[in-house]
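# Understanding the architecture of this molecule
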Amino acid sequence: MPNVVLLMSDEHNPRYASPYGHTAIQTPAMKRLAREGVVFDAAYCPSPLCLPSRSAMMAGKRVHELQTYSNCNANLDPAPSYGAALAQQGVHTVYVGKTDVYAPGDSLGFSEMVLPGDRAWPGDVNHRRNPMTIRAGAANRAKGYGPRESAAAGDLRCVDAAEQWLRHSTPQLDRPWVLVVNVTNPHFPHYASPDLWDLYPQGGDLPAYGPELESARHPYAISLRDHFETHDFAEDDVRGLRRGYLACISFVDRQLDRLMTTLEELGLRDDTVVMYTSDHGEMLGKFGMWWKCSLYEDAVRVPVIAAGPGFKAGTRVTTPVDLLDVQATLFAVTGASQPEDRLGTPLQMIPVDDRDRVIFAEYHGHGTRGSSFMVRRGEWKLIYHVGAPPQLFDLASDPEELHNVHDACQVPAAELEAALREFCSPEVEHSRAEAFIEAQLAVL
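Cut-offs and rules
- Residues numbered from 1 in each chain as written.
- Predicted model: local features only at pLDDT ≥ 70, side-chain atom pairs only at ≥ 80, totals over all residues.
- Heavy atoms only, no water.
- Axes fitted to C-alpha atoms, helices over the stretch in contact; angles between N-to-C directions.
- Helix = DSSP H or I, 4+ residues; strand = E, 2+ residues; numbered from the N terminus.
- Left-handed = near helix turned anticlockwise from the far one by under 90°.
- Contact = heavy atoms within 4.5 Å.
- Nonpolar A, V, L, I, M, F, W, Y, C, P; charged D, E, K, R; others polar.
- Pairing = 2+ DSSP bridges.
- Parallel < 35°, antiparallel > 145°, perpendicular 65-115°, else oblique.
- Core = buried A, V, L, I, M, F, W, Y, C linked by side-chain atoms within 4.5 Å.
- Buried < 20%, exposed > 50% of the residue type's maximum accessible area, 1.4 Å probe, protein only.
- Expected span 1.5 Å × (residues − 1).
- Polar contact = N/O pair within 3.5 Å; in protein donor to acceptor, adjacent residues only side chain to side chain.
- Salt bridge = Lys/Arg side-chain N within 4 Å of Asp/Glu carboxyl O.

Taken N-terminus to C-terminus, the directions of helix α2 (residues 50-59) and helix α10 (residues 323-334) make an angle of 35°; their axes are 8 Å apart at the nearest point. Note that α2 runs across α10; the crossing there is right-handed. When α2 is examined against α10, the residues Ser53, Ala56 and Met57 are found in contact with a partner set consisting of Leu323, Leu324, Val326 and Gln327. Residues belonging to the contact of α2 with α10 are distributed by class as follows: five nonpolar, two polar and no charged.

So, in structure tokens, the structure goes:
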């Protein structure tokens, strides 16, 4: 059976990658992987925040099922991981780098856990929603960019360890293996080595869509800007952060190239599926918003590119997928059985253009006053906010989500809300989240 190498970055908006149409960014390894395999044009995370998204993928469950609502890790219950489920079926599973899930890395049941990056208890405690916490001093994050010789030292240690594992351990294995490698770039702050910073002298542009637009004036968008104090960002800092983001993505691309080159040198490339993805996206100043925490496309979309056995070279898939599908792919590639209680469909089994498939995402974390839920089917996308107006976007004609057509297009709005309620009751899950968050804060 084939093996798998999965590289997972942190906070990569796929619009900033050459396989997804960005013409200025230098991502030759991603472009090569896309040429040799399949690009998924509409891939989503389960929730646009680190711990919720990574936990959902790790367990193959929805965020509201796990109650991993935020980056606070107090009171979380453990759940079986895909690493343990694969290992129990004879697949050697190796996890390198950032974990940031519902339990410490060493307890997740992988065959090997290398340099686990666990979030210190109790994690982020700025997630009260009523009244909403304002993250004091968050505006200082605007200065987090520029050239640094020591940038990405932790990521380099992780990729070094992964490369050494490939060279020294794979010759000794007589069974399929899965190697998951995590890097924290291009997550803020956007520091980069001088050579990468110098790649983008013209990269410090301004967002095309600012805080004056309709979608930026939605109450939940305003709350996020208030929470992070982004209204205080100076123009020079906006330009610097955007330039640094490009440099950080090029760093990730170089790590993908290292892993692919190592597989080739070891004669393993033909028998290995290589996948690249991220845990969520990055608003990068669009609508005056930064980082994630929003169900707009820039924050909730992720890159998904896969090449190797089972993936036809040069294919683009427009059917919406998510990270639960990426998780399911690990079972299918290695010949293991996916546990019945796990969600997700293997990527290689998803049709190229299925306009009936529905993708679901949710957000319950910091910076908003209530829970939000998203469903996408075909080109229609509904964002349902508890306590605030819903939003409906026709992504075919409005890919930037500039115009809410919820009131004008009542039929698709009703159809998508019905689809949403097949996943969960937004009101019930909002109430469960409220109670859970307050219980977390009570123990601190």
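Right, let's get into the sheet that holds strand β16 (residues 391-394). The strand order β13-β14-β15-β16 describes an open sheet built from four strands, whose pairing is antiparallel. Either end of the sheet is taken by a strand with one partner, and the two such strands are β13 (358-363) and β16. The average angle at which neighbouring strand axes cross in this sheet is 15°, direction not considered. Both strand β14 (residues 372-377) and strand β15 (residues 380-385) contribute to a ladder of six bridges, which runs antiparallel. Residue Arg376 lies in a different strand from β15, and its bridge partner there is Lys381.

To continue, consider the packing of helix α1 (residues 28-36) against helix α8 (residues 235-265). It is at 7 Å that the axes of α1 and α8 come closest, and there the two elements cross at 55°. Between α1 and α8, the angle falls in the class oblique. Residues Pro28, Ala29, Met30, Arg32, Leu33 and Glu36 of α1 form the contact with α8, whose own contacting residues are Ile249, Val252, Asp253, Leu256, Asp257, Met260 and Glu264. In terms of residue class, the contact of α1 with α8 is built from eight nonpolar, no polar and five charged.

Strands sit in the order β5-β4-β7-β1-β9-β10-β2-β11 across an open sheet of eight strands; the sheet is mixed. The sheet is open, and its two borders are formed by β5 (112-117) and β11 (315-317), each paired with just one other strand. Going across the sheet, the axis of each strand differs from the next one's by a mean of 10°, ignoring polarity. Relative to strand β7 (residues 177-182), strand β4 (residues 92-98) runs parallel, the two sharing five bridges. Across the sheet, Val96 pairs through a bridge with Val181, a residue of β7. Along the sheet face, α8 touches β1 (3-9), β7 and β9 (272-278) and points at about 170° away from the line of β1.

This paragraph deals with the nonpolar core. Judged by nonpolar contacts, the single largest core of 123 residues is most densely connected at Phe40, Tyr82, Tyr102, Leu179, Leu256, Met275 and Leu347. If you tally residues by element for this core, the top one is α8, at 12 residues. Each residue touching Leu179, except ones within four places of it in the same chain, is listed here: Val4, Val5, Leu6, Val94, Val96, Ala162, Trp165 and Leu166. Listed in part, the 11 residues of the second largest apolar core include Phe373, Val375, Val386 and Ala413.

For β7, the tally of buried residues reaches six of six residues, placing the bulk of the element in the interior. Alternating positions in β7 separate into two faces, Trp177, Leu179 and Val181 on one and Val178, Val180 and Asn182 on the other, with burial throughout. One ladder, built from five bridges, connects β1 with β7; its direction is parallel. Bridge pairing links Met8 to Asn182 in β7.

For α10, with 12 residues, the first-to-last C-alpha span of 18 Å sits near the 16 Å given by 1.5 Å per residue. Within α10, 11 of the 12 residues are buried, which leaves the element mostly enclosed by the surrounding structure. For α10, every residue scored as buried is listed here: Leu323, Leu324, Asp325, Val326, Gln327, Ala328, Thr329, Leu330, Phe331, Val333 and Thr334. Two to three positions downstream of the cap, the backbone nitrogen of Leu324 sits 3.0 Å from a side-chain oxygen, assigning the N-cap of α10 to Asp322. Downstream of α10 by one or two residues, Gly335 has phi in the positive range, about 80°.

In this structure, Pro186 follows Asn185 across a cis peptide bond, with omega equal to 0°. Here Pro186 lies in the loop between β7 and β8 (190-192). Cis peptide bonds are those with omega within 30 degrees of zero, and the linkage from Phe188 to Pro189 qualifies with 0°. Considering the arrangement of structural elements, one finds Pro189 in the loop between β7 and β8. We note that Phe287 has phi near 60°; this positive angle belongs to a residue other than glycine. Looking at the element boundaries, Phe287 is found in the loop between β9 and α9 (297-300). In this model, Cys293 sits at a positive phi of 70°, which is unusual for a non-glycine residue. Here Cys293 shows up in the loop between β9 and α9.

Bringing the pattern of salt bridges into the picture now. Here the structure, examined in full by the defined rule, presents 40 salt bridges. The partner of Arg258 in a salt bridge is Glu163, with the nearest N and O atoms 2.8 Å apart. Placement of the pair is Arg258 in helix α8 and Glu163 in helix α5 (residues 153-169), with a sequence separation of 95 residues. Among the residues examined, Glu163 registers a relative accessible area of 16% and is labelled buried.

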